[in-house]
Amino acid sequence: MSLMSNLSTSMISSSSSAFLAPTSFNSSRSQSVSVPVKSIKICKCVATPQEQQQTGLKMVLCGLFVCFEAYKTKVSRNSNIAKLQAGYLFPEVARRRAAHLLKYPNAQVISLGIGDTTEPIPDVITSAMAKRSQALSTLEGYSGYGAEQGEKALRVALASTFYSNLGIEEDDIFVSDGAKCDISRLQVVFGSNVTMAVQDPSYPAYVDSSVIMGQTGQFQKDVEKYANIEYMRCTPENGFFPDLSTVARTDIIFFCSPNNPTGAAATREQLTRLVQFAKDNGSIIVYDSAYAIYMSDDNPRSIFEIPGAKEVAIETASFSKYAGFTGVRLGWTIVPKQLLFSDGFPVAKDFNRIVCTCFNGASNIAQAGGLACLSPEGLEAMQEVIGFYKENTKIIVETFNSLGFKVYGGKNAPYVWVHFPGRNSWDVFSEILEKTHIVTTPGSGFGPGGEGFIRVSAFGHRENVLEACRRFKQLYN
Amino acid sequence: MYKLLACCSMASGISLQPKMVQASLGVQKQGNGHCTNVPRNVNLEKLQNNYLFPEISKRELQHLDKYPSAKVISLGIGDTTEPIPEKISLSMANYAHALSTAEGYRGYGAEQGNQVLRKAIAETFYKNVLIRDQEVFVSDGSQCDISRLQLLLGSKVTIAVQDPSFPAYIDSSVIIGQAGDFQDKTGKYQNIVYMQCGPENNFFPDLTTTPRTDIIFFCSPNNPTGHAATRKQLQQLVEFARDNGSIIIFDSAYAAYITDDSPKSIFEIPGAKEVAIEISSFSKFAGFTGVRLGWTVVPEELLFSSGFPVINDFNRIVCTCFNGASNIAQAGGLACLSSEGFQRNRTTECLLENSQAICSVIDYYKENTKILVNTFASLGLKAYGGVNAPYVWVHFPGLKSWNVFSEILEKTHIITVPGSGFGPGGAEYIRVSAFGQRERIMEASWRLEKLISNEKALFNSVENKE
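Rules behind the numbers
- Residues numbered from 1 in each chain as written.
- Chains lettered and ligands numbered in written order.
- Predicted model: local features only at pLDDT ≥ 70, side-chain atom pairs only at ≥ 80, totals over all residues.
- Heavy atoms only, no water.
- UniProt positions renumbered as here; feature names shortened; annotations may be inferred.
- Contact = heavy atoms within 4.5 Å.
- Buried area = accessible area lost by both parts, 1.4 Å probe.
- Salt bridge = Lys/Arg side-chain N within 4 Å of Asp/Glu carboxyl O.
- Core = buried A, V, L, I, M, F, W, Y, C linked by side-chain atoms within 4.5 Å.
- Buried < 20%, exposed > 50% of the residue type's maximum accessible area, 1.4 Å probe, protein only.
- Helix = DSSP H or I, 4+ residues; strand = E, 2+ residues; numbered from the N terminus.
- Domains from an automatic or database assignment.
- Polar contact = N/O pair within 3.5 Å; in protein donor to acceptor, adjacent residues only side chain to side chain.
- Axes fitted to C-alpha atoms, helices over the stretch in contact; angles between N-to-C directions.
- Left-handed = near helix turned anticlockwise from the far one by under 90°.
- Nonpolar A, V, L, I, M, F, W, Y, C, P; charged D, E, K, R; others polar.
- Pairing = 2+ DSSP bridges.

Per an unreviewed UniProt entry, chain B goes by AGD2-like defense response protein 1 isoform 1 and derives from Theobroma cacao. UniProt, in its Cofactor (unreviewed entry) section for chain B, records the words "pyridoxal 5'-phosphate". Quoted verbatim from the Sequence similarities (unreviewed entry) field of UniProt, the annotation for chain B is "Belongs to the class-I pyridoxal-phosphate-dependent aminotransferase family. LL-diaminopimelate aminotransferase subfamily."

Chain A is annotated in an unreviewed UniProt entry as Pyridoxal phosphate (PLP)-dependent transferases superfamily protein of Theobroma cacao. What UniProt records for chain A under Sequence similarities (unreviewed entry) is the sentence "Belongs to the class-I pyridoxal-phosphate-dependent aminotransferase family. LL-diaminopimelate aminotransferase subfamily." Listed under Cofactor (unreviewed entry) in UniProt, the entry text for chain A is "pyridoxal 5'-phosphate".

What follows is the structure in structure tokens.
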């Protein structure tokens, strides 16, 4: 048994944020923190260990040396987590970035990797959050625990802003601290005995949360897929919409549109087929609409625009990419009353139970910000920032087009999906990083269907995006 | 303040016991409504009732419907009531404003939490026990952390809880699939070990008769009993865990309420780093119940049986199933712990000695607790806790706690929490929480005095006992 081999490679937190607090601290965003570095000594001796009561270390006498073996509990590691292949994708990208900065401390690294918003939040929104914060110091304004499902005013505003005429009511809406957390809470609702399908490529949280929950088998290195997950290939050839006639039935279908990472947006016709597919198979669609506001074409923004969807779908959404709330943390999930398990039990009841037991509501300050986002002024201000990122996306698309690349996405989402036929995407990632100091995201991080692609995200200050494009042109001309 | 239950309807509120008849909730097909073919998670089916605190909220709402002009006083859900000190909320306001500037805007933070805050937590609460900042994971609160820990541990571990205990330990265990079936006869889940804690054993379980489990949830100061384990008791617990190769999950959410020299952290006990995880929260000491901020400490020394560090897997969960606590809340947390020119003389008297404003809010609640303890004592009732926690655990021998809850609610318009909501060990007890504005605490005391002295026979006070 080797303790060393059981230790994972050192993990690094994703880019650290810095506060504006008056204390002095490192405000470098590229600073990463390495998590555990164990310094256990391994003994190769064969003598009988003698227990050292006080320190709890086993003292092992071997020949002339005394070695110490660390105390271990008798609790088995969760075998589901052991199935995960590597760290979560984005911390891994962050790690590479940090390593790169160590190598080139003076490099002007530009991050078009992790889809992190960069532009300030409009005043109307932050003022509301500041106001709520200060109100917490007053008798009239102080509030303690909020409803776990979210503040009523916000739920009402979400319903009327995004779902009016779709028959979604405020009590179908559950406010959260973001889509990533909601995905895991949904997995907890579903449990380990359901099967799931994902698009391939897809946002890694769907697959990873499924593995953690115990829904999957082992990772199969030859195909780079987990057993028991149905991967629905999405490629340029099929217009990034799976051929449903070849897709096996699963209980749950994760579907993201506009898509992360490909940027593809499903048409009304496609979503109608998806809803029919789910209906025919008695499946539940978990529809991720985090990027809906980036839609330029006339495609549905909500799955509930499709008739019949309320009986087959859940929708998750987020303020992250709408309002720059990636750090503020606010999102929502819709579980229609009409969505029932096979025994007729409403899914929303179980989701509510999870929300009440495994969660305690989104931060009240963040919710005040969310409400301000949905005011007429807030909506207008958000659209301006989104327009800015959309312009970034256009610039990036034009750059890669002009360099002769096959470029996808970029029209309905802040991601550009660039094809590097025949090449390993981590190699392309590394080459771009090494030669241009630009961080992107390798397509294979999103599943085997992402191999041969690079995702370039369009969040960033305009100068950085322009500079990045200059460097791409230099590299690929 | 009470929480509004908006979404799903609950079982009929007529019966005093909140047991839900599963069948009545089961089939709710609406005419020709489509049912999916997705099976319901059997673990969720095993849950016996709604989560305790929404159930209490529901009762409060029903009561208000019945008596719309009643001045209801809530000593039920442990929800803080006093405003957050200005220094702290100003920090959060400033941070929010800064998000509108190029220099001050921040996107995704580290999922483990802001580095400065992690360091501040390590230095404020764990300086003498050498917990490193990289072992501190900032979160949006203990309730969420408990579930993330369950995701980490998976369905195949066994757990022990104190009886009574904070319901999230058991409920999350059921949800993740560890607990087995509920047994009506005992009121317990089959696979969970319930460690009885009562006055007869000084609210500390008899470990000589406790079977081994992988995980031991232990809350001190305790919710709901208010008991803070002594150093000796915690030493026994750590030794027990060590001997059994178990992991303690130590909930120290109320450590700031300790008034004697009971340990404030499990890591004060030698050897604990190799057997324990500690969870804690800003909720009850900073009034952050709505702001949402807490932390979990996973020592690097804590290893699974294979030697794999638990912290590695917890980090993976945090990176995959979570995206960090709100940056504004974290700015508030930092302000709570910041020295701001105070002396850096930390004693165990008040961990937050440097944050006078917070200490005075805690003192305020402590004074509330004293008032309530005295009230019950003067009525001849045995009231436990209240010394090291903002909860008073009142014994009503021979009476069903939901009945007492209802009687108190009906006759005095005061919300409490029935002890059996915390497990079978809570039967015959009522938990009274001490959060609230002083005048309401006084008013509540007065109403309780009137009720209990008028209805001595009903409440079977100590005078009538042997």
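Time to look at the interface of chain B and chain A. Listed per partner, the contact involves 130 residues of chain B and 130 residues of chain A. Counting the surface chain B buries against chain A, the share from its top three residues, His-34, Tyr-108 and Arg-316 of chain B, is 8%. Counting the contacts that link chain B with chain A gives 4 salt bridges. Between Arg-77 of chain A and Asp-313 of chain B there is a salt bridge, with its nearest N and O atoms 2.7 Å apart.

Of all hydrophobic cores here, the largest spans 169 residues; its most connected members are Phe-190, Ile-252 and Phe-472 of chain A together with Leu-152 and Ile-215 of chain B. Ranked by residue count, the leading element in this core is helix 10 (residues 310-321) of chain B, at 7 residues. Discounting residues that sit within four places of it in the chain, Leu-152 of chain B has contacts with Asn-78 and Ile-81 of chain A together with Phe-304, Val-310, Asp-313, Phe-314 and Ile-317 of chain B. The next biggest cluster of nonpolar side chains, apart from the first, holds 129 residues, and it includes Tyr-126, Val-138, Leu-234 and Leu-237 of chain B.

Moving on: the domain arrangement of chain A. Residues and elements named next belong to chain A. Under the domain assignment, chain A is made up of domain 1 (2-70), domain 2 (83-119 + 380-476) and domain 3 (123-378). Here domain 2 and domain 3 have C-alpha centroids that lie 25 Å from each other. Facing the 33 residues of domain 2 at the interface are 49 residues of domain 3. Of the roughly 3,400 Å² buried at the junction of domain 2 and domain 3 (both faces included), carbon and sulfur atoms supply 59%. Area buried by domain 2 at its contact with domain 3 is led by Lys-83, Met-382 and Asn-412, which between them contribute 22% of it. At the junction of domain 2 with domain 3, the criterion picks out 1 salt bridge. Here Lys-411 and Asp-297 are joined by a salt bridge, their closest N and O atoms 2.6 Å apart. Viewed at the interface, domain 3 and domain 2 are joined by 22 residue pairs in polar contact (both at pLDDT 80 or more).

Turning our attention to the packing of helix 3 (residues 89-103) of chain A against helix 13 (residues 425-436) of chain A. Each pair of packed helices can be summarised by the angle the axes make with each other and by the distance between the axes. Residues and elements named next belong to chain A. At their nearest, the axes of helix 3 and helix 13 sit 11 Å apart, and the two run at 35 degrees to each other. Here helix 3 and helix 13 pass one another in a crossing that is right-handed. Contacts between helix 3 and helix 13 pair Leu-89, Glu-92, Val-93, Arg-96, His-100 and Lys-103 from the former with Trp-426, Phe-429, Ser-430, Leu-433 and Glu-434 from the latter. When grouped by side-chain class, the residues that make up the contact of helix 3 with helix 13 number 5 nonpolar, 2 polar and 4 charged.

Our focus in this paragraph is the sheet that holds strand 11 (residues 383-385) of chain B. All names here are of chain B. Pairing is antiparallel in the open sheet, where 4 strands are placed in the order 11-12-15-14. At either end of the open sheet lies a strand with only one pairing partner, and these are strand 11 and strand 14 (417-418). By the bridge criterion, 5 bridges tie strand 12 (residues 391-395) to strand 15 (residues 429-433) in an arrangement that is antiparallel. Across the sheet, residue Val-392 finds its bridge partner in strand 15, namely Val-432. Where helix 12 (residues 356-378) meets the sheet, its contacts fall on strand 11, strand 12 and strand 15, and the angle it forms with strand 12 comes to roughly 10 degrees.

All names here are of chain A. Summed over the entire model, instances satisfying the criterion amount to 40 salt bridges over all chains. Between Glu-431 and Lys-435 there is a salt bridge, with the nearest N and O atoms lying 3.4 Å from each other. Placement of the pair is Glu-431 and Lys-435 together in helix 13, with a separation of 4 residues, close to one helical turn. With relative accessibility at 22%, the residue Glu-431 sits in the partly exposed group.

Residues and elements named next belong to chain B. Each domain of chain B was delimited in the assignment, giving domain 1 (52-82 + 351-459) and domain 2 (86-337). Taking the mean C-alpha position of each, domain 1 and domain 2 sit 25 Å from one another. Each partner contributes to the interface: domain 1 provides 29 residues, whereas domain 2 provides 39 residues. With both sides pooled, the region where domain 1 packs onto domain 2 buries about 2,800 Å², and carbon together with sulfur makes up 64% of that total. Connecting domain 1 to domain 2 are 0 salt bridges. Inspection of the region where domain 1 meets domain 2 yields 12 residue pairs in polar contact (both at pLDDT 80 or more). For the side of domain 1 that touches domain 2, the secondary-structure elements that each account for two or more residues are helix 3 (52-66), helix 12, strand 11, strand 12 and strand 15. For the side of domain 1 that touches domain 2, the element with the highest residue contribution is helix 12, accounting for 4 residues. Looking at the side of domain 1 that touches domain 2 residue by residue, the class counts come to 17 nonpolar, 9 polar and 3 charged.

Residues and elements named next belong to chain B. A large share of strand 3 (residues 159-163) lies buried, amounting to 5 of its 5 residues. Two strands pair when backbone bridges link them, and strand 3 and strand 7 (residues 215-219) are joined in this way by 2 bridges, in the parallel orientation. Each bridged residue has a counterpart across the sheet, and for Ala-160 the counterpart in strand 7 is Ile-216. Note: strand 3 against strand 6 (residues 193-196), 4 bridges, orientation parallel. Bridge pairing links Ala-160 to Val-193 in strand 6.

Moving on, we come to the pairing of strand 18 (residues 453-457) of chain A. Residue and element names in this part refer to chain A. The buried fraction of strand 18 is high, at 5 of 5 residues. Covered by surrounding structure in strand 18 are Phe-453, Arg-455 and Ser-457 together with Ile-454 and Val-456, the residues of both alternating faces. Relative to strand 18, strand 15 (residues 415-419) is paired through 5 bridges, and the arrangement is antiparallel. Residue pairing for strand 18: Trp-417 is matched across the bridge by Arg-455.

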